[in-house]
Amino acid sequence: MADSVIEPTAQTTTQHTQKRHAAPQPSALDLYNIDHLLSEEERMVRDTVRSFVRERVLPIIGEHFEAGTFPRELIAEIAQMGLLGMHLEGYGCAGLSAVCYGLACQELEYGDSGLRSFVSVQGSLAMFPIWAYGSEEQKQRWLPKMAQGEVIGCFGLTEPDYGSNPAGMLTRAVKDGDSYVVPGPKMWSTNGSIAALAVVCARAEDGIRGFLVEKGTPGFTASDVHHKLSLRASVTSELHFEDCRIPASNMLPNVRGIKGPLGCLDEARYGIAWGANGAAMACYESALDYAKARVQFGKPIGGFQLTQRKLAIMATELVKAQLLALHLGRLKDEGLAHSTQVSLAKRNNVREALNTAREARGVLGGNGITLEYPISRHMNNLESVFTYEGTDDIHTLILGQAITGLSAFS
Ligand SMILES: Cc1cc2nc3c(=O)[nH]c(=O)nc-3n(C[C@H](O)[C@H](O)[C@H](O)COP(=O)(O)OP(=O)(O)OC[C@H]3O[C@@H](n4cnc5c(N)ncnc54)[C@H](O)[C@@H]3O)c2cc1C
């Protein structure tokens, strides 16, 4: 859409004239000049991913959503742009900043949450544990191929009876000679059936450990979850293990306990905090365009106060969420981000993106429920994003504990 420029008020034209000339004009799509806070490199990453999403994703994503298929044809291009494990250093990874990674997530999710989920799982849930907790041999063997998109990874933490409480997992890794027998199953694994490598969490004799399970390992299979009404352009699978023996050398040696998976979740939740803003941007822009063009009672519906109130709330929440994500990214780049802050941003930004999607859907009236516009697709996707990587409730309790010093979990 064409971005309209906000005219300066009389007051700002007479005051601080020098600064006003240097500052870019706020626009309907960037009311707080957040663009101005980004470095040249950050803008370049954002704009590269933005162009890719506009040119390659938007024309096909509706069809994939309707068919319930993931656009695998885009994997090579995504890898070529350096988006897989882009925030990791070495081993063929791009080694870009947390803010660059966040901006890429934002732009990908402007396209579809399924696409951002693919990149999040590959980079933050499959590559990150190998990078952070793996042996040198494991890193050398897997990370360069994963950065190239030649090996797709998935993450198996959730079980049918243990979702919000992964520490209670039932999956035991039982040592038998030089291997471990892992029974599973693991549920809701994004990328599961297209993955050549699964990072699976299981309880060993010395605590929760991560295991690298290669596709083709006897006894290991993945089957897809069908009939999803959300994240339809994403593969979601159940991982089955039947007398499956995993070589002891495939255990990630450098972490033990629930802090291992929680460290991965923090990485992925960080990307979601940015990604949700992309979905919100797509819904807000679509509603704004529509409100300016759709005429009822003799004038564009954007001219009615009720519609303007909806758009004003969407724009305000978007600005707040973007500033929150950017500040979190800056903290992360300085090594100062805390997981409570990640929880706050994931919870707020997904919640507000979902509110924006619902409000924007209403602005489009009947047209809002079709795939011709992106809003309903985003709204349905965001229901998954609201739930995975810690539900909204779980992040509320994490914040509650941080604020009061009292745990509501036990
Ligand atoms: C599309 C999709 C993709 C996913 N991808 C992955 C993946 O790649 N890897 C992976 O391991 N997992 C994945 N998940 C799993 C996801 O992380 C879990 O669904 C999530 O953690 C919630 O677990 P659950 O579904 O078992 O719900 P439950 O934990 O059973 O929660 C049900 C409800 O109870 C609430 N609740 C739970 N405990 C409390 C409490 N203490 N106080 C108040 N309310 C509470 C929850 O907030 C929720 O509303 C995915 C899920 C989806 C839907």
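The model shown is predicted, which means the values in this text are computed figures rather than measured ones.

Draft legend 1. How the structure looks around the sheet that holds strand S6 (residues 207-214). Taken together, the 3 strands give an open sheet; going across it, the order is S1-S5-S6, and neighbouring strands pair in mixed fashion. A single partner strand is all that each edge strand has here, and the edge strands are strand S1 (153-156) and S6. The sheet shows a mean angle of 25 degrees between the axes of neighbouring strands, taken without regard to direction. Strand direction decides the pairing type here: strand S5 (residues 197-204) and S6, joined by 8 bridges, are antiparallel. From the neighbouring strand, Cys201 faces S6, where its bridge partner is Gly210.

Draft legend 2. Region of the structure containing empty space enclosed by the protein. One pass over the full model with this rule turns up 2 cavities of 30 Å³ or more. If you add up the space inside the largest cavity, you get close to 80 Å³. Broken down by secondary-structure element, the contributors of at least two residues to the lining of the largest cavity are helix H6 (113-133), S5, S6 and helix H8 (259-293). Computed from the structure, the second largest cavity encloses a volume of approximately 40 Å³. Taken together, Ala28, Leu29, Asp30, Leu31, Tyr284, Ala315, Leu318, Val319 and Gln322 make up the full set of residues lining the second largest cavity. No other element matches the 4 residues that helix H9 (residues 305-333) contributes to the lining of the second largest cavity. Per-class residue counts for the lining of the second largest cavity are 7 nonpolar, 1 polar and 1 charged.

Draft legend 3. Summary view of unusual backbone geometry. With omega at -5 degrees, the peptide bond leading from Gly184 into Pro185 counts as cis. Within the fold, Pro185 resides in the loop between strand S3 (179-182) and strand S4 (186-190). With a phi close to 45 degrees, Leu231 is a non-glycine residue in the positive phi region. Tracing the backbone through its elements, the reader meets Leu231 in the loop between strand S7 (220-224) and strand S8 (236-241). Of note in the backbone geometry, Phe297 takes a positive phi value of approximately 50 degrees without being a glycine.

The rules behind the values
- Residues numbered from 1 in each chain as written.
- Predicted model: local features only at pLDDT ≥ 70, side-chain atom pairs only at ≥ 80, totals over all residues.
- Heavy atoms only, no water.
- Pairing = 2+ DSSP bridges.
- Helix = DSSP H or I, 4+ residues; strand = E, 2+ residues; numbered from the N terminus.
- Axes fitted to C-alpha atoms, helices over the stretch in contact; angles between N-to-C directions.
- 1 Å grid on protein atoms, 1.4 Å probe; cavity = no way out; pocket = protein on both sides within 12 Å on 5 of 7 lines; lining within 4 Å.
- Points joined across faces, edges and corners; volume = space filled by probe spheres on them.
- Nonpolar A, V, L, I, M, F, W, Y, C, P; charged D, E, K, R; others polar.

So yeah, pure geometry; function would need other evidence.
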